[in-house]
Amino acid sequence: MIVTRNTTVREVIETNRDALAIFEKHGVCVEDECPDAVLDFEIEDCEDMCHIDDIDQLVADLNSFIQKQN
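Residues numbered from 1 in each chain as written. Predicted model: local features only at pLDDT ≥ 70, side-chain atom pairs only at ≥ 80, totals over all residues. Heavy atoms only, no water.

(A) A look at the side chain of Thr7. Tracing the backbone through its elements, the reader meets Thr7 in the segment before α1 (9-15). Owing to a relative accessible area of 5%, Thr7 belongs among the buried residues under this scheme. Leaving out residues up to four positions away in the same chain, Thr7 has contacts with Met1, Ile2, Val12, Phe41, Glu42 and Ile43. (Helix = DSSP H or I, 4+ residues; strand = E, 2+ residues; numbered from the N terminus. Buried < 20%, exposed > 50% of the residue type's maximum accessible area, 1.4 Å probe, protein only. Contact = heavy atoms within 4.5 Å.)

(B) Seen up close, helix α5 (residues 55-69). An ideal rise of 1.5 Å per residue puts 21 Å on 15 residues; α5 measures up with 21 Å between its terminal C-alpha atoms. Along α5, the residues classified as buried are Ile55, Leu58, Val59, Asp61, Leu62, Phe65 and Ile66. Projection of α5 onto a plane perpendicular to its axis shows the buried side chains occupying an angular sector of 165°, all on one side. Turned more than 90 degrees off the buried face of α5, the exposed positions are Gln67 and Lys68. For α5, the N-terminal cap is Asp54; the gap from its side-chain oxygen to the backbone nitrogen of Asp56 is 3.3 Å. (Expected span 1.5 Å × (residues − 1). Arc of directions from axis to C-beta. Polar contact = N/O pair within 3.5 Å; in protein donor to acceptor, adjacent residues only side chain to side chain.)

(C) Summary view of the pattern of salt bridges. Inspection of every chain in the model, using the stated rule, returns five salt bridges. The salt bridge partner of Arg5 is Glu44, with a shortest N-O separation of 3.3 Å. Taken together, the residues Arg5 in the segment before α1 and Glu44 in the loop between α3 (30-33) and α4 (46-49) connect sequence positions 39 residues apart. For Arg5, a relative accessible area of 27% corresponds to the partly exposed category. Its relative accessible area of 28% is what places Glu44 among the partly exposed residues. Through salt bridges with shared partners, one network takes in Arg5, Glu44 and Asp56. (Salt bridge = Lys/Arg side-chain N within 4 Å of Asp/Glu carboxyl O.)

By themselves, these are just geometric observations and shouldn't be taken as functional.
This is how it looks when you write it as structure tokens:
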């Protein structure tokens, strides 16, 4: 899987649940802080809601993490 700004949070988590740690590294605890509806949002739409400072770095880190897992 290649993560883009248009990938949903749910798609990332369903691909690799351990990717939650990457979201946490960027200050977002998806399981504790995000309502279920956020899971179906594209990552770029979560920027303001989830207070993500650098969406492009989050996407890069997710891709790097997922690639290393495969």
